[in-house]
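# A closer look at the structure
Below, each chain spelled out in residue letters.
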Amino acid sequence: MASNSNHIQIGFPSLPAPASTTHFAFLTEWLNDCDENHRGCDPVKKYPPPTRLIDLGSPDAPVVRLIQTTTTETVKYIALSHPWGQGHSFCTFPHNLAQHKAAIPVRSPNFPDTFRDAIAATRALGVRYLWIDSICIIQGPDGDFEKEAKRMEDVFSAAYCVIAASSARGQRDGFLRTRKERQFLQLRGESSSSLYVCRFIDNFAEHVLNGPLSKRGWVLQERALARRTIYFTDWQTYWECGCGVRCETLTKIDNKLVSFLGDPSFPSKLSSFDRGERIRFYEDLYRQYSRLNFTRLTDRPVAIAGLEQRMINNLKAKGGYGVFHDGGSLLSRSLLWRRGAEASTLNRVDFSKAKQKEGKSLPSWSWMAYDGAIDYLDLPLGGVDWRNDAVLDPFCSPGSGRNDPSNETAVLKAMARPFVFEPVGEPGESVDVILDAGNAQGVTGWEGWKAVVVGTRRIAKGEIVPVEHRTHYLLIITALTEGVGHETIYQRIGVGYMPGGFLGEEGVQRVTVG
């Protein structure tokens, strides 16, 4: 990796064995250097500690047990980011909570290797306390997952460091195992020193961002909220903090696109961006998130709630459910999400059990209510005349729409108009309709549809375009059920754009979209 003929990369031709003294000493130096020299990477101390932590004991009394914390104490702990995988998972339930508080059976053959490696790494880094979600959160219908899930921002922001099992596919895999061997050639000179020509293995994007762990829905938020993270991969160990990515080969990677999610104060690095650039970034973030996997689809709105609230604050907006409202065009723009090109249909997630337990479900106009990939209509920034009065604010007060299970479902009050022609066009015409359900059964014919026009294409100065020829951007809704007082409740079924001539001017009414 020479920048000129006089520069030779310093590093290890052969990396130290995982879990060796040299390996952990190297990781400790990363931590120490960040502690001493990186302002802004320190854990956030304003948050209370997690409700429970795993106490790894001391050298004299190495009993591993689950402890209850207090809101007033300050605890230095490491958090584990890991995939649950398939099959049986090691968890804390109400029936074994007392047992785990006495001693967690870490020597049992049923104790997962990923957790055993996390304990070894945490001790080697000189930290006594460890947080693992499946152990520190009580699982099952009588557990406290719904309550604790809202605290993920606190857990990962306040952690001293996060260790990520990037090479693991489940709890049983471990991550301190033998790695892929790096190939190298030794060149001996006349002096006693040697040079090594080594295979290039520094690939943070492939090993971490595209690795098996990063396909898990919760991990996107975990990475963005963490102050610094150590990633254990099949090739090498990587470090990420607010000052960039470091490799075990001693290479440093500085990638501005990568660094946004590695920002310890996410999304502060976007402060220099203008409003349009930030909107594009958040849309890309939601596109990425919608393509991740969940063991429980009902986690989809919860696993990004901490990030969403930070984005709402950054935009000086209100919002929730994957949309934003700033009193201007932001609500209309963020409602124009669409089914992803690779998704044949978007299926509604069944929140019925969650609704019974928490008192809410997700509205049809939120992409978080569906299982599948989303994109956004490709709208030019500054090229749309938005009709901000077409949809009323569904969030009564700042932050009211945050994905808090205690909130009732938000509804949209929208101006809807009928279609007068079937919304199809010949090739090359400016007509497109993208139904959320694709060609699935159960969608009524276009005669039962209504359009909520949220914007029209902006025309150039001096250009004359009749309204019937001007492109309209719209939500497509249809009647769902008769509500209280015989009010008809509508649901979103898609989005599209078309000339105004397809839409009727009569029969326009304010409707409720649930």
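Parameters at a glance
- Residues numbered from 1 in each chain as written.
- Predicted model: local features only at pLDDT ≥ 70, side-chain atom pairs only at ≥ 80, totals over all residues.
- Heavy atoms only, no water.
- Buried < 20%, exposed > 50% of the residue type's maximum accessible area, 1.4 Å probe, protein only.
- Helix = DSSP H or I, 4+ residues; strand = E, 2+ residues; numbered from the N terminus.
- Axes fitted to C-alpha atoms, helices over the stretch in contact; angles between N-to-C directions.
- Parallel < 35°, antiparallel > 145°, perpendicular 65-115°, else oblique.
- Contact = heavy atoms within 4.5 Å.
- Nonpolar A, V, L, I, M, F, W, Y, C, P; charged D, E, K, R; others polar.
- Salt bridge = Lys/Arg side-chain N within 4 Å of Asp/Glu carboxyl O.

The name given to the chain in an unreviewed UniProt entry is Heterokaryon incompatibility domain-containing protein, with Podospora pseudopauciseta as the source organism.

Note: α-helices contain 3.6 residues per turn, so residues at a spacing of three or four share the same orientation. The element helix H11 (residues 305-314) is extensively covered by neighbouring structure, given that 9 of its 10 residues are classed as buried. Turning to H11, its buried residues number three or more, namely Ala305, Gly306, Leu307, Glu308, Gln309, Arg310, Met311, Ile312 and Asn314. Just downstream of H11 lies lysine 316, where phi reads positive at about 55°.

Time to look at the packing of helix H10 (residues 275-290) against H11. Contact pair H10 / H11: the axes reach a minimum separation of 12 Å and the direction vectors enclose 170°. If you check the angle between H10 and H11, you find them roughly antiparallel. Of the residues in H11, those in contact with Arg278, Tyr282, Leu285 and Tyr286 of H10 are Leu307, Glu308, Met311 and Asn314. Looking at the contact of H10 with H11 residue by residue, the classes come out as 5 nonpolar, 1 polar and 2 charged.

Okay, the pattern of salt bridges next. Following the criterion strictly, the structure yields 27 salt bridges and no others. Ionic pairing is found between arginine 296 and aspartate 299, a salt bridge with its closest N-O pair at 3.1 Å. For the salt bridge of glutamate 487 with lysine 413, the shortest nitrogen-to-oxygen distance reads 3.3 Å. In this pair, glutamate 487 is assigned in the loop between strand E22 (471-482) and strand E23 (488-499) and lysine 413 in strand E19 (residues 412-418), connecting sequence segments 74 residues apart. Sharing partners across several salt bridges, the network here consists of Asp284, Arg287, Arg291, Glu342 and Asp375.

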